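# Secondary and tertiary structure notes
Residue-level listing of the chains:
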Amino acid sequence: MGMTCEHVWREISNYVDGGVEAGLRAAMDEHMRECARCRSVLAGMRDVVRVYGDQRMLDVPSGFGQRLKRRLVRNARQPRWLFWTAWLVPVSAVLLIAGMVGYVNFSGSYHALKSPHAQPGKNIPPQLAVVMQPGARIFHLAGCDLIRNDHDLITMTAKDAIAQGFTPCTRCLRKYLSIVLAPRPPGLDLDGDARPLEALRRP
Amino acid sequence: MALNNPSGAAVTREQELIARVQRGHNDEFYELVRPYERRLFAAAVAILKNEADAEEVVQEAMLKALANIRQFRAEARFSTWLIQITVNEALMRRRRERTVAMEAIDEKQEDEPEYTPRDFADWREIPSEALERKEVRQKLAAALATLDRKYREVFVLRDMEQLNIEETAEALGISVASVKTRLLRARLMLRDLLASGWQQGWFSRLPFEKGTKPWG
Ligand SMILES: [Zn+2]
Ligand SMILES: [Zn+2]
């Protein structure tokens, strides 16, 4: 046995994917003929790939397709609105990130995010009634397109929702979100949405 | 599969539909998305870990896909294009919603020691019929959910969405080498989780389902 088990394990995922060159493959085959442990690792990994790759593992909530279809069809009839939202979503995202980053940068405290003012929704009237779906992290105005099931909605004031860490919907609450642009911290690159938060990591 | 063969001479039904939507038949777009909607949802759940958010993200992402359908080029696989738009949307939403503190914790441990498999008993193959049972699928999904997100995301895109290594790297904005390392680790961890699942009886059928009556 030319290879150690540890060496076989390092390559075993590539082996399963057919991504090891012939020489290495032969050495692994030779090792596994003798080694029950590595055979067990290989068989188990193949089973993982087979089981999770099974179409039946792709469960969706009931009514998922219907709701998606309804949303797409409704928008298909309003092409100009669609064009507008397609731009709006990334733009609001950048504004939201800028708002959060700006605040944290100046306060220097993670805990401050819990304060209502630290949230991107600070311009939303505090007493505005908003709704959310159980388990979701986004709050909406009643009647928003993005609400998928209006039966068991939770209602509260915007102030409470923000205090509890919920995030405003960029569709129905957009008019309150477009004005939260905070001062831009030095070095913040608004073109890449990944970088702003990372730039904050403490040394 | 004909659907994934953009270079073939015959124009597939999918390509035909894409062309129609590109010419403005927006109402037919859902028909294009439907074969992939379950995969799109799985990708969004892997990133957001929350079904309600994941559903919203898929809807938003598909509206963007429709708005940009003229930019779709026939050399690419349509399914991959849709998955990438969904992954982008989900990553963007997560960055928007997570607190900085959570993000920092997640990113912290990059160089972890190698993972050593724990269970070396002869592997018992999981019977395919077991997947018919919802509680088995739920156990498997729960096992997957225990993985750190960087392993979970790579595993879902590669092994459940069937993207290749390069597509997975591109969708997540990480290197091919990282995809391979994380995929190895995710698969090894899941293997140990399934091994302990066997010990807990997840995949064993009830005695009377096998035809052996418990009273006989
Ligand atoms: Zn070995
Ligand atoms: Zn909304």
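Remember, predicted model here, so these are calculated numbers, not experimental data.

### Focus on the packing of helix α1 (residues 5–16) of chain A against helix α10 (residues 176–199) of chain B
- One can describe the packing of α1(A) onto α10(B) by two numbers: an axis separation of 9 Å at closest approach and a directional angle of 95°. The angle between α1(A) and α10(B) places the two elements in the roughly perpendicular class. For the pair α1(A) and α10(B), contact is made by A:W9, A:R10, A:I12, A:S13, A:N14 and A:V16 and by B:K180, B:L183, B:L184, B:R187 and B:L188, respectively.
- Of the residues that constitute the contact of α1(A) with α10(B), the class distribution is 6 nonpolar, 2 polar and 3 charged.

### Focus on the confidence of the model for chain A
Residues and elements named next belong to chain A.
- Per-residue pLDDT for chain A averages 71, and the proportion of residues at 70 or more is 61%.
- Contacts of residues 79–85 to residues separated by more than four positions or lying in other chains number 9 contacts, the stretch itself having pLDDT below 50.
- Note that residues 179–203 has pLDDT below 50 and, in this model, 43 contacts with residues that lie over four places away or in other chains.

### Some points on α1(A)
- Taking 1.5 Å per residue as the helical rise, α1(A) with its 12 residues ought to reach 16 Å, and the 16 Å between its terminal C-alpha atoms agrees with that figure.
- All of the buried residues in α1(A) are A:C5, A:V8, A:W9, A:I12, A:S13, A:N14 and A:Y15.
- Elements in contact with the buried residues of α1(A): α2 (22–34) and α3 (36–52) of chain A together with α10 of chain B.
- Immediately downstream of α1(A), the backbone of A:G18 shows phi near 70°, a positive value.

### A word on the interface of chain B and chain A
- Taken together, the 68 residues of chain B in the interface contact 64 residues of chain A.
- When chain B packs against chain A, the two sides together hide about 6,600 Å² of surface, and 65% of this comes from carbon and sulfur.
- One can count 7 salt bridges joining chain B with chain A.
- Viewed at the interface, chain A and chain B are joined by 21 residue pairs in polar contact (both at pLDDT 80 or more).
- Where the side of chain B that touches chain A is concerned, the elements lending two or more residues are α2 (29–33), α3 (37–48), α4 (51–67), α5 (78–97), α6 (100–108), α7 (134–145), α8 (149–160) and α10 of chain B.
- Looking at the side of chain B that touches chain A element by element, the count peaks at 13 residues for α4(B).
- Of the residues in the side of chain B that touches chain A, the class split is 33 nonpolar, 7 polar and 28 charged.

### Some thoughts on the packing of aromatic side chains
- Applying the stated criterion across every chain, the model contains 8 aromatic pairs over all chains.
- Both rings, one in B:F72 and one in B:F78, keep their centres 5.1 Å apart while their planes meet at 85°; by these two values the pair is edge-to-face. The two residues B:F72 and B:F78 agree in class, both being buried.
- An aromatic cluster is defined as three or more aromatic residues linked by ring pairs; in this entry it consists of B:F72, B:F78 and B:W81.
- Residue placement shows A:R25 over the ring face of A:Y15; its charged tip is 4.1 Å from the ring centre.

### Describing the pattern of salt bridges
- Per the stated rule, a full pass over the model turns up 19 salt bridges over all chains.
- A salt bridge links B:R149 to B:E153; its shortest N-O distance comes to 3.5 Å. Of this pair, B:R149 and B:E153 both sit in helix α8, 4 residues apart, which is roughly one turn of that helix.
- We classify B:R149 as buried; its relative accessible area is 15%.
- Connected through shared salt-bridge partners, A:D17, B:R158, B:D159 and B:R187 make up one network.

About the criteria used
Residues numbered from 1 in each chain as written. Chains lettered and ligands numbered in written order. Predicted model: local features only at pLDDT ≥ 70, side-chain atom pairs only at ≥ 80, totals over all residues. Heavy atoms only, no water. Axes fitted to C-alpha atoms, helices over the stretch in contact; angles between N-to-C directions. Helix = DSSP H or I, 4+ residues; strand = E, 2+ residues; numbered from the N terminus. Parallel < 35°, antiparallel > 145°, perpendicular 65-115°, else oblique. Contact = heavy atoms within 4.5 Å. Nonpolar A, V, L, I, M, F, W, Y, C, P; charged D, E, K, R; others polar. pLDDT = per-residue confidence, 0-100. Expected span 1.5 Å × (residues − 1). Buried < 20%, exposed > 50% of the residue type's maximum accessible area, 1.4 Å probe, protein only. Buried area = accessible area lost by both parts, 1.4 Å probe. Salt bridge = Lys/Arg side-chain N within 4 Å of Asp/Glu carboxyl O. Polar contact = N/O pair within 3.5 Å; in protein donor to acceptor, adjacent residues only side chain to side chain. Phe/Tyr/Trp six-rings, centres within 6.5 Å; stacked < 30°, edge-to-face > 60°. Lys NZ or Arg CZ within 6 Å of the ring centre and 35° of its normal.

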